[in-house]
Amino acid sequence: MAQFDEWPAMQDFTFQEFSFRGNCYEMWEAGRKIRSGLTNINIHCICNGGVYNRTSIDVKLTGNPLFNILMSNIRFDRAICLPDRIMFYSTAANTNVQHTTLALLASNVGYTRESKFYEDNEPIVASVFTINQSIVKVTFSLANPDRLIEFF
C-alpha cells in the first residue's frame, strides 16, 4: 500500500462531514489478526458545533458487521492530526478505562471532559487514514480487551 498522507502533528482538525465505504475488515488483538471478512459498511462522520465552542464528532456505522463487538453510534469530543492520520478521541480526568493512548493524549493536549464511562463495545479512539487526500482506511481502538478493528 502507498504511504499515507502526512498531517501537521497535534493540530486540531476541523471538518463538516464525510463518509467512507469499506469493503473489508480485520480485527486485531495482541498483535494477531483474529478475524477478517468482507463487508459493505458505511462510516459517516459529522462534526457538530456545541455550547461554549465545544464540539462533538458523531460517527455512525451503517451495515456494521461487528455490531455486537463495536457499537454503531459513537460520539467523540475532538479531532486531532497525527503524522499519518486524523484521530477522533475523548479524554477524561475520571474514567473507567486506563489506556496508554488516552494517557498520552491527556498529557499532551489535556482533557476534553471531566468524566467518561466507556461501554465495553465503545471505541476509545478512531483513526482516519488518507492517500492523496482520499480516505482509504478507518480504524477503531477498543480498550477491554485491547483490540483494533480496521475497515478498508
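Refer to the preceding data block for the structure.
Residues numbered from 1 in each chain as written. Predicted model: local features only at pLDDT ≥ 70, side-chain atom pairs only at ≥ 80, totals over all residues. Heavy atoms only, no water.

*Asks:* Explain the packing of aromatic side chains to me, and be specific about the residues and the numbers.
*Replies:* Inspection of the entire model under this criterion finds 9 aromatic pairs. Here F18 and F88 contribute two aromatic rings whose centre-to-centre distance is 6.4 Å and whose plane-to-plane angle is 40°, an arrangement assigned as tilted. In this pair, F18 is assigned in strand 1 (residues 17-29) and F88 in strand 6 (residues 85-89), connecting sequence segments 70 residues apart. F18 sits in the buried class, given a relative accessible area of 17%. Among the residues examined, F88 registers a relative accessible area of 1% and is labelled buried. Geometry around Y118 places K116 over its ring, the cationic atom sitting 4.8 Å from the centre. (Phe/Tyr/Trp six-rings, centres within 6.5 Å; stacked < 30°, edge-to-face > 60°. Helix = DSSP H or I, 4+ residues; strand = E, 2+ residues; numbered from the N terminus. Buried < 20%, exposed > 50% of the residue type's maximum accessible area, 1.4 Å probe, protein only. Lys NZ or Arg CZ within 6 Å of the ring centre and 35° of its normal.)

*Asks:* I'd like a rundown of the side chain of N42, residues and numbers included.
*Replies:* Considering the arrangement of structural elements, one finds N42 in strand 2 (residues 32-49). Excluding its chain neighbours within four sequence positions, the residues that come into contact with N42 are S19, F20, R21, K60, L61 and T62. (Contact = heavy atoms within 4.5 Å.)

*Asks:* Go over the sheet that holds strand 2, please, and point to the residues and values.
*Replies:* Strands sit in the order 4-3-2-1-11-10-9-6-5 across an open sheet of 9 strands; the sheet is antiparallel. Only two strands of the sheet have a single neighbouring strand rather than two, namely strand 4 (73-76) and strand 5 (78-82). Within the sheet, the average angular offset between the axes of one strand and its neighbour, ignoring direction, is 30°. In terms of strand pairing, strand 1 meets strand 2 through 12 bridges, oriented antiparallel. Counterpart to Y25 in the pairing with strand 2 is G37. (Pairing = 2+ DSSP bridges. Axes fitted to C-alpha atoms, helices over the stretch in contact; angles between N-to-C directions.)

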